[in-house]
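This is what each chain is made of:
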Amino acid sequence: MLTAGAAQAQDGPGDAAERDLLKQAVEIPTVKGRGTMPQMTSLLSAELRKAGFGRIDIKQHDETETLIARLEAPGSPTKKPILLMAHMDVVEAKREDWKHDPFLFRHEGEFYMGRGVADNKASMVAMIAALQRLHAAGFEPDRDIVVLLTGDEETAQNGALLASTEWKELIDAEFALNSDGGGGGILPSGKVDYFGIQVAEKIYADYTFTTVNRGGHSSGPRDDNAIYQLAQALKNLEEYRFPPRLTEINRPIWAHTAENDGGIFGAMVKAWLDEPGNMEFADAVESVTPGHTRTRCIATTISGGHAPNALPQKANANVNCRIFPTETPEEIKTLLERIAGPEVSVSLIDGGIPSPPSPLREDVFGAQTRSIQQRWPRAKVVPDMSAGATDGLYMRAAGIPTYGVSGLWGYVNEPLGVHGLDERIRAEAFHDDVDHWERILRELAG
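Contact geometry for helix α8 (residues 264-274) and helix α9 (residues 279-288): axes closest at 8 Å, N-to-C directions at 140°. Looking at the two axes, α8 sits oblique to α9. Where α8 crosses over α9, the handedness of that crossing is left-handed. Residues Phe265, Met268, Val269, Ala271 and Trp272 of α8 form the contact with α9, whose own contacting residues are Phe281, Ala282, Ala284, Val285 and Val288. Among the residues forming the contact of α8 with α9, the class breakdown is 10 nonpolar, no polar and no charged.

Dropping the structure here:
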């Protein structure tokens with residue numbers, strides 16, 4: 001077995017073609033507003049046809065595109081389809097901020113580098129390359145395989161929303177496998193920390209805090225200053241400690257950490273598991289892994305006042321919340337109203353789509369575990385919850401259980417530059433991911 005400490009990946013059969021497809025994908029700058037998505041959907045449509053996909057729909061919406069493709073199983077399959085998911089878009093990257101052009105794919109040492117290579121183009125390409133391998137080998141699925149590639153996951157996520165509602169007949173499936181979740185961490189010793197299978201993610205929601213009053217001349221200050229009232233509400237929010245949540249969703253990952261981390265953090269987690277109601281212990285864990293023990297809300301934008309010589313008549317702030325999936329946006333709104341106080345109104349303005357945790361299916365968990373252990377024999381696969389949001393939340397809301405099953409890996413605490421500078425993945429991990437997708441699709445669709 002190769003170890004994480006091995007030298008950079010050596011080309012094997014198909015590796016050059018896989019790398020070339022990843023290069024092409026990275027070098028299409030699929031950033032909102034650039035108008036390049038048709039180029040990407042054209043490239044990927046051609047690649048999916050090489051994998052045997054006969055029906056490909058390109059949906060134009062919101063100045064971007066979403067691709068939906070279907071590989072029909074022969075005969076009259078009795079099983080519902082499997083949905084495979086990825087997103088084609090990436091966040092902006094400014095040339096002046098990067099040492100090298102962010103949209104120029106580079107193979108540097110053990111890494112593949114470029115904007116989007118880690119989020120989410122490597123797993124997207126690995127998934128498609130695996131489908132091409134299966135088709136070339138004569139594989140015939142026992143159920144339809146549907147591929148959903150969205151063009152606005154990093155922004156509005158309307159592609160996923162429309163797919164789960166207006167276009168649901170095209171993507172409806174027994175379950176979904178999301179390439180934008182999962183993955184593994186390798187310790188510096190070469191030992192596997194764990195591989196995750198994402199079964200839940202936090203609910204995204206934006207709220208507005210607003211204060212309004214009659215204003216007046218700035219020479220006559222009053223106690224009901226709208227900006228001060230808003231500032232106090234935000235100070236209340238800053239100081240509020242949301243209650244920690246330890247449930248069947250996140251307990252497995254914390255139990256794994258307590259058992260396998262022999263350092264200070266492992267001891268902190270164990271102390272919390274032993275006393276789940278102890279806020280001091282829970283806060284200690286939260287301080288190391290922000291957002292993973294509870295709902296969190298934070299002010300992100302602010303505006304107020306209308307003139308430099310007038311008392312403000314209005315002030316408002318956006319408060320972004322990432323809500324634990326066992327809670328609801330309405331419950332959080334009620335809580336925020338209490339935190340903000342009577343002088344501040346609270347409105348839910350965006351998001352709030354429910355994302356119930358997906359049940360841990362034995363077939364999906366088993367396929368993920370067997371595939372990972374073929375590459376890393378002693379690796380543990382642990383159910384996990386994402387603190388961020390993916391397109392998977394819309395599938396869960398539409399009643400399609402969704403699982404993040406990426407086979408990508410990296411060293412623990414190794415910076416990958418996701419949404420930041422010098423984005424990268426390990427070349428070996430990318431080619432491993434192609435193997436991984438081939439194995440799980442053979443098992444789950446064969």
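Next comes the rest of the description.
Looking now at the environment of glycine 151. Assignment of secondary structure puts glycine 151 in the loop between β6 (145-150) and α4 (158-164). Under the relative-accessibility criterion, glycine 151 is labelled buried at 8%. For the pair glycine 151 and alanine 200, spaced 49 residues apart in the sequence, the C-alpha separation amounts to 22 Å. In contact with glycine 151, other than residues within four places in its own chain, are Met37, Thr64, Glu65, Thr66, Met88 and Asp89.

One pass over the structure, following the stated rule, counts 34 salt bridges. Note that glutamate 174 and arginine 361 form a salt bridge whose closest N and O atoms lie 2.7 Å from each other. Taken together, the residues glutamate 174 in the loop between α5 (168-171) and β7 (175-186) and arginine 361 in the loop between β14 (345-351) and α11 (362-375) connect sequence positions 187 residues apart. One network of salt bridges, in which partners are shared, links Glu18, Arg133, Asp435, Glu438 and Arg442.

To continue, consider the confidence of the model for the protein. Averaged over all residues, the pLDDT of the protein equals 95, while 97% of them reach at least 70. Considering only residues more than four positions removed or in separate chains, one finds that residues 1-9, a stretch of pLDDT under 50, has 23 contacts.

Time to look at the state of the cysteines. On inspection of all chains with the given rule, the structure shows one disulfide. One disulfide bridge connects cysteine 297 with cysteine 321, the sulfur atoms lying 2.0 Å from each other. Residues cysteine 297 and cysteine 321 share a disulfide whose torsion about the S-S bond is about 115°; that sign makes it right-handed. One end of the pair, cysteine 297, is in strand β11 (residues 296-304); the other, cysteine 321, is in strand β13 (residues 314-323), and 24 residues separate them in sequence.

Once that is clear, we can look at unusual backbone geometry. Look at the link from aspartate 119 to asparagine 120: it is a cis peptide, with omega at 10°. Despite not being glycine, glutamine 157 has its phi angle at roughly 60°, a positive value. For glutamine 157, the position within the fold is in the loop between β6 and α4. Take glutamine 157: its relative accessible area is 10%, and that puts it in the buried class. Unusually for a residue other than glycine, asparagine 413 sits at a positive phi of about 70°. Its place among the elements puts asparagine 413 in the loop between β16 (402-411) and β17 (424-426). With a relative accessible area of 77%, asparagine 413 lands in the exposed category.

Here we take up the pairing of strand β8 (residues 192-201). For β8, the buried fraction is high: nine of the 10 residues fall into the buried class. Here β7 runs beside β8; their pairing, made up of four bridges, is antiparallel. Residue pairing in the sheet places glycine 185 in a bridge with tyrosine 194 of β8. Adjacent in sequence and paired antiparallel, β7 and β8 are bridged by five residues, among which glycine 190 carries a positive phi angle near 100°. Looking at chain direction, β8 and strand β15 (residues 381-386) are connected through six bridges and run parallel. Following the sheet pairing, glycine 196 is matched in β15 by valine 382.

For the rest of this paragraph, the subject is the packing of aromatic side chains. With the rule as written, the count across this model stands at six aromatic pairs. Ring plane angle 75° and centroid distance 5.9 Å describe the contact between tryptophan 254 and tryptophan 272, whose orientation is recorded as edge-to-face. Residue tryptophan 254 is found in helix α7 (residues 251-260), and its partner tryptophan 272 is found in helix α8; the two are separated by 18 residues along the sequence. Across this residue pair, the class does not change: tryptophan 254 and tryptophan 272 are buried. Aromatic side chains tryptophan 376 and tryptophan 409 sit 5.3 Å apart centroid to centroid with 85° between the ring planes, which places their arrangement in the edge-to-face category. Note that tryptophan 376 is positioned in the loop between α11 and β15 and tryptophan 409 in strand β16, a separation of 33 residues in sequence. Comparing tryptophan 376 with tryptophan 409 shows no difference in burial state: the two are buried.

Definitions and cut-offs
- Residues numbered from 1 in each chain as written.
- Predicted model: local features only at pLDDT ≥ 70, side-chain atom pairs only at ≥ 80, totals over all residues.
- Heavy atoms only, no water.
- Axes fitted to C-alpha atoms, helices over the stretch in contact; angles between N-to-C directions.
- Helix = DSSP H or I, 4+ residues; strand = E, 2+ residues; numbered from the N terminus.
- Parallel < 35°, antiparallel > 145°, perpendicular 65-115°, else oblique.
- Left-handed = near helix turned anticlockwise from the far one by under 90°.
- Contact = heavy atoms within 4.5 Å.
- Nonpolar A, V, L, I, M, F, W, Y, C, P; charged D, E, K, R; others polar.
- Buried < 20%, exposed > 50% of the residue type's maximum accessible area, 1.4 Å probe, protein only.
- Salt bridge = Lys/Arg side-chain N within 4 Å of Asp/Glu carboxyl O.
- pLDDT = per-residue confidence, 0-100.
- Disulfide = S-S within 2.5 Å.
- Pairing = 2+ DSSP bridges.
- Phe/Tyr/Trp six-rings, centres within 6.5 Å; stacked < 30°, edge-to-face > 60°.

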